[in-house]
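Chain residues, written in single-letter form:
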Amino acid sequence: MIEKHIVLEDIDPVMFYGVGNVHLQMIRSLYPKLRIMARDNVIRVLGDEEQMAAFEESVEKLRSHILQFNNIGEEDIIEIVKGRRNNDFVPADVVCYSMSGRPIKARTENQHRLIEAYGKNDMVFAVGPAGTGKTYLSIALAVKALKEKTAKKIILSRPAVEAGEKLGFLPGDMKDKIDPYLQPLYDALEDMLPQVKLQDMMERHVIQIAPLAFMRGRTLSDAVVILDEAQNTTPAQIRMFLTRMGWNTKMIITGDVTQIDLPRSQKSGLIEALEILHDVDGIGVVNLDRGDIVRHKLVTRIVNAYEKFDKERNSNESINKD
């Protein structure tokens, strides 16, 4: 009789064991010659050497399934352990899977263009109105790169520009003050990674979320770097950010030029960057529009109404000037 310890390093043990250890009980029933015990993320196994080897192989396949799909069911466990499923097929159009097991993929033609541009270029600008999936799809691409080990870390950033409320009026230390601006990034990550794993990655700085001001002086290598809400950067800020790019790094810059919160006298860095860099080799630009909005149908109507209002206001301002 031999004993081995198996550590579940990169998945949530709760997902592996199942609610109330229901998955673990099923695995035990499938390996009656082994004594299987689990504590935290460590599985202790005692028993026959031949069955131990088969058990280790099954654990690796189950771990890979959870890592890929963020989900596992009793039927999956039986098929994998019984050897009826040699590998899990992932459709080519799926970027990754959400925590509920929902496939995350492009839902519109322009979203397909964003994924293609990411594959062909080291830097991509994704520009479009609210609800077009710019940020969510970009983070999904970054999570996929991390899981496939084509990147060692994810770096997410936003300019801390207020839409009415000043940072100084918010309670707490600096982290407490900037967290509200970064919450959309947290929300997307929590939908794609287990909470325990996400917390661990952030503590080890595998995933870093920081305001734009913290980027100065850094060289960002072996990473997928996302700058969100880039329309609220100044020309100097976005120039600083874009020149942080290091070796084996991909950058995605997202923004909505209709939602600029900078003072009226200040030109948006995103608009200037698009004017300067649109013909540079290795940089892709994807323009999403209201047809790509994947939120509630009212969001499309709201965007349309505001576009109409802006056009009428600009037309009236031009007439008044003349």
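First, a word on what this report is: a plain description of the structure on this page.

Reading guide: rules and limits
- Residues numbered from 1 in each chain as written.
- Predicted model: local features only at pLDDT ≥ 70, side-chain atom pairs only at ≥ 80, totals over all residues.
- Heavy atoms only, no water.
- Pairing = 2+ DSSP bridges.
- Helix = DSSP H or I, 4+ residues; strand = E, 2+ residues; numbered from the N terminus.
- Axes fitted to C-alpha atoms, helices over the stretch in contact; angles between N-to-C directions.
- Contact = heavy atoms within 4.5 Å.
- Salt bridge = Lys/Arg side-chain N within 4 Å of Asp/Glu carboxyl O.
- Buried < 20%, exposed > 50% of the residue type's maximum accessible area, 1.4 Å probe, protein only.
- Polar contact = N/O pair within 3.5 Å; in protein donor to acceptor, adjacent residues only side chain to side chain.
- Core = buried A, V, L, I, M, F, W, Y, C linked by side-chain atoms within 4.5 Å.
- Expected span 1.5 Å × (residues − 1).

### Some words on the sheet that holds strand β9 (residues 223-227)
Adjacent strands of a sheet form backbone hydrogen bonds with each other and so pair up, either parallel or antiparallel.
Alright, step 1. With parallel pairing, the six strands of this open sheet are ordered in space as β8-β7-β9-β10-β6-β11. Across the chains shown, the open sheet's two edge strands, defined by having one partner strand only, are β8 (207-211) and β11 (283-287). Looking at each pair of strands side by side, their axes are set apart by 15 degrees on average, direction ignored.
Alright, step 2. As defined by bridge partners, strand β7 (residues 153-158) adjoins β9 across five bridges and the pair is classed as parallel. Looking at the pairing, I155 lines up with V225 of β9.
Alright, step 3. Sheet strands in contact with helix α5 (residues 109-120) are β6 (123-127), β9, β10 (250-255) and β11, and its direction is about 175 degrees off that of β11.

### Points about the pattern of salt bridges
Alright, step 1. Per the stated rule, a full pass over the model turns up eleven salt bridges.
Alright, step 2. In this structure, R44 and E3 form a salt bridge, with 2.8 Å as the shortest nitrogen-oxygen distance. Within this pair, whereas R44 is found in strand β3 (residues 42-47), its partner E3 is found in strand β1 (residues 2-7), the two being separated by 41 residues in sequence.
Alright, step 3. Since its relative accessible area comes to 32%, R44 is described here as partly exposed.
Alright, step 4. In this structure, E60 and R63 form a salt bridge, with 2.7 Å as the shortest nitrogen-oxygen distance. Separated by three residues within a single helix, E60 and R63 lie in helix α3 (residues 49-69), roughly one turn from each other.
Alright, step 5. The exposure class assigned to E60 is partly exposed, which follows from its relative accessible area of 38%.
Alright, step 6. Looking at R63, the relative accessible area reads 16%, which means it is buried.

### Quick look at unusual backbone geometry
Alright, step 1. Even without glycine at this site, N21 takes up a positive phi of about 60 degrees.
Alright, step 2. Relative to the helices and strands, N21 resides in the loop between α1 (13-17) and α2 (22-30).

### Some thoughts on the side chain of N70
Alright, step 1. With respect to the secondary-structure elements, N70 resides in the loop between α3 and α4 (74-81).
Alright, step 2. What makes N70 buried here is its relative accessible area of 3%.
Alright, step 3. Among the polar contacts listed, one links the side chain of N70 to the backbone oxygen of Y97, at a separation of 2.7 Å.
Alright, step 4. In contact with N70, other than residues within four places in its own chain, are M15, H65, Y97, S98, M99, K147, M192 and P194.

### Re the nonpolar core
Alright, step 1. Counting 36 residues, the largest nonpolar core has I139, L156, L189, M192, I207 and I209 as its most contacted members.
Alright, step 2. Considering every element that reaches this core, the biggest residue donor is helix α6 (residues 134-147), with eight residues.
Alright, step 3. Residues in contact with M192, not counting those within four places in the same chain, are N70, C96, Y97, S98, M99, I104, Y136, I139, A140, V143 and K147.

### Thoughts on α6
Alright, step 1. Along its 14 residues, α6 runs 20 Å from first to last C-alpha, staying within 8% of the 20 Å computed at 1.5 Å per residue.
Alright, step 2. Taken across its 14 residues, α6 has eleven buried, putting it largely inside the fold.
Alright, step 3. Those residues of α6 that sit buried are K134, T135, L137, S138, I139, A140, L141, A142, V143, A145 and L146.

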